[in-house]
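Structure assessment
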Amino acid sequence: AMMENHEIRISYRKYTSDEAARYTLRPYALKEFAKRWYLVAYCVERDGLRVYGLDRIQEMDVTDITFRMEMDFDVEELFATSFGIYIPQEKGKTIIFKTTRKEANFLRDLPIHKSQKELNLKDIRKYFPNFNPTEDNVYFEIFVCIDDALIMEFCKHGGRLEVLAPDSVRKAVAEELVKAAALYR
């Protein structure tokens, strides 16, 4: 269907719903994230691009109806500032975080986002004039849209990573970690 520009009809059940919904889609691309595959498609009923988990498609029929994909569609560009499979709804933001030296080795090999850059102490002082960075930590920045999946990604590093800015992301990570800690009291 994707190769021949045929619309498909699917029965799709979200994790947040007990019942499946029916959609007519114009399949544009497949995208993998966190060991799952997703379909990026224009949804006729919802009049816009959406992302559908392949594992949640219960039924699919290829139709005889053909479509023309937007000429300027670029899946890499669409997700350039996204973390995961969320279509960005707002502009990306610069997020600055620090890690332990050991954790930095892991993040160099497997960056949180493709925009990830390592910062030197001079860069950190530009961002935070009153901050006294130490050689004990490694500092990074990414440029990305903020969503729940990104907050959870930061949380998975526990005490080995600290978001420094912006305050809204720092606060969101702290709130999630407090909720997690409360479960173990």
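In this report, we go over the structure that sits alongside the text. (Residues numbered from 1 in each chain as written. Predicted model: local features only at pLDDT ≥ 70, side-chain atom pairs only at ≥ 80, totals over all residues. Heavy atoms only, no water.)

Spatial ordering of the open sheet is given by 4-3-2-1-5, a layout of five strands whose pairing is antiparallel. In this open sheet, the two strands that pair with only one neighbour each are strand 4 (48–53) and strand 5 (57–66). Averaged over neighbouring strand pairs, the angle between their axes works out to 45 degrees when direction is ignored. Relative to strand 2 (residues 21–33), strand 1 (residues 6–12) runs antiparallel, the two sharing five bridges. (Pairing = 2+ DSSP bridges. Helix = DSSP H or I, 4+ residues; strand = E, 2+ residues; numbered from the N terminus. Axes fitted to C-alpha atoms, helices over the stretch in contact; angles between N-to-C directions.)

So, about the pattern of salt bridges. Per the counting criterion, the structure on display carries twelve salt bridges. In this structure, Lys114 engages Glu76 in a salt bridge whose closest nitrogen and oxygen atoms are separated by 3.8 Å. Separated by 38 residues along the polypeptide, Lys114 in the loop between helix 2 (101–109) and strand 7 (117–119) and Glu76 in helix 1 (residues 75–78) bring together distant segments of the chain. Each member of the pair, Lys114 as well as Glu76, carries the same accessibility label: exposed. One salt-bridge network, held together by shared partners, links Arg36, Asp55 and Arg56. (Salt bridge = Lys/Arg side-chain N within 4 Å of Asp/Glu carboxyl O. Buried < 20%, exposed > 50% of the residue type's maximum accessible area, 1.4 Å probe, protein only.)

Moving on: the nonpolar core. Core analysis: the biggest nonpolar cluster contains 19 residues, and Ile95, Phe97, Ile112, Ile142, Leu150, Phe154 and Val163 have the highest contact counts within it. Where this core is concerned, the elements lending two or more residues are strand 6 (93–100), helix 2, strand 8 (137–144), helix 4 (148–155), strand 9 (161–165) and helix 5 (167–183). Filtering out sequence-adjacent residues up to four positions away, Ile112 remains in contact with Phe83, Phe97, Leu107, Ile142, Leu150, Glu153, Phe154, His157 and Leu161. If you look at the next biggest cluster of nonpolar residues, it comprises eleven residues, including Tyr28, Val40, Tyr42 and Phe67. (Core = buried A, V, L, I, M, F, W, Y, C linked by side-chain atoms within 4.5 Å. Contact = heavy atoms within 4.5 Å.)

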